[in-house]
Amino acid sequence: QTKRAIDITQEDAKVRDRYGRTTYGQSVLLARRLVEAGVRFVTVYYSPGIGGWDTHKDNFKTLGSSRLPQTDQTVSALIEDLDARGLLDETLVFWTGDFGRTPKINKDAGRDHWPQCYTVLLAGGGIRRGTVHGSSDSSGAYPKDNPVRPDDLSATLFTLLGLDPTTEMRDQLNRPVPISYGQAIGSIMS
């Protein structure tokens, strides 16, 4: 089944077009095909060209010409397709970058790394549909309402995957540590 799933040329041309005929679009389509074939964990890494999402220069041009339109097309296609195939409720979609971006534009018309505030998209797999959790201040510099720490996000993901975030594991020195120090975000789960 996995071998057949990898052959995306067997997919209908309209579906391939809907995801986008880019490496990213076709990789996300492949991810959907793998999920449909029973693969339980799939990662798609999106890093077009040099720098990927690092927009340290030409931020607005880079985002406007490729990153945002491709992501909008591809991620919406995935969510709609999973839903139409009856797979969304059992498939957790987790989309994020490695950092937020500075609220100030640098001398190269870019935005640098900014860990204080960034976006995460969760869909399906136990997430309440249509939920927006939290907001930033007017410049996107800091969380304004309902801030979420990375530990809370990991606790939420573990909970949605059926794992108790307080489950202890042992580190290299045999000390007990929980798989997450956070609290699951109950208000976003269905």
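Only a predicted model underlies this, so the values are computations on that prediction, with no experimental measurement involved. (Residues numbered from 1 in each chain as written. Predicted model: local features only at pLDDT ≥ 70, side-chain atom pairs only at ≥ 80, totals over all residues. Heavy atoms only, no water.)

1. Remarks on the nonpolar core
Ranked by internal contacts, the top residues of the largest apolar core, which has 14 residues, are Tyr-19, Tyr-24, Val-28, Leu-78, Leu-82 and Val-93. Broken down by secondary-structure element, the contributors of at least two residues to this core are α2 (13–19), α3 (23–36) and α4 (59–84). The element best represented in this core is α4, accounting for 4 residues. (Core = buried A, V, L, I, M, F, W, Y, C linked by side-chain atoms within 4.5 Å. Buried < 20%, exposed > 50% of the residue type's maximum accessible area, 1.4 Å probe, protein only. Helix = DSSP H or I, 4+ residues; strand = E, 2+ residues; numbered from the N terminus.)

2. As for the environment of Ala-37
As for its position among the elements, Ala-37 is in the loop between α3 and α4. With sequence-adjacent residues up to four places away left out, Ala-37 is seen in contact with Gln-1, Thr-2 and Ala-5. (Contact = heavy atoms within 4.5 Å.)

3. Description of the pattern of salt bridges
Applying the stated criterion to the full structure yields 17 salt bridges. Here Arg-32 and Glu-11 are joined by a salt bridge, their closest N and O atoms 2.9 Å apart. Residue Arg-32 is found in helix α3, and its partner Glu-11 is found in the loop between α1 (2–6) and α2; the two are separated by 21 residues along the sequence. When sorted by exposure, Arg-32 lands in the same class as Glu-11, which is buried. The salt bridge partner of Glu-36 is Arg-85, with a shortest N-O separation of 3.1 Å. In this pair, Glu-36 is assigned in helix α3 and Arg-85 in the loop between α4 and β1 (93–96), connecting sequence segments 49 residues apart. Judged by relative accessible area, which is 39%, Glu-36 ranks as partly exposed. Take Arg-85: its relative accessible area is 33%, and that puts it in the partly exposed class. (Salt bridge = Lys/Arg side-chain N within 4 Å of Asp/Glu carboxyl O.)

4. Observations concerning the side chain of Arg-16
The residue Arg-16 is located in helix α2 in this model. Here Arg-16 is buried and forms no salt bridge, its nearest opposite-charge partner Asp-17 lying at an N-O distance of 6.9 Å. Those residues in contact with Arg-16 that sit more than four places away from it in its chain are Ile-8, Thr-9, Glu-11, Arg-21, Gln-26 and Leu-29. (Lys, Arg positive; Asp, Glu negative; His and termini not counted.)

5. Quick notes on the packing of α3 against α4
Axis separation between α3 and α4 bottoms out at 9 Å; the angle between their running directions is 15 degrees. It follows from the interaxial angle that α3 and α4 lie roughly parallel. Seen along the crossing, α3 lies across α4 with a hand that is right-handed. Residues Tyr-24, Gly-25, Val-28 and Arg-32 of α3 form the contact with α4, whose participating residues are Gln-70, Thr-71, Thr-74, Val-75, Leu-78, Asp-81 and Leu-82. The residue inventory of the contact of α3 with α4, partitioned by class, reads 5 nonpolar, 4 polar and 2 charged. (Axes fitted to C-alpha atoms, helices over the stretch in contact; angles between N-to-C directions. Parallel < 35°, antiparallel > 145°, perpendicular 65-115°, else oblique. Left-handed = near helix turned anticlockwise from the far one by under 90°. Nonpolar A, V, L, I, M, F, W, Y, C, P; charged D, E, K, R; others polar.)

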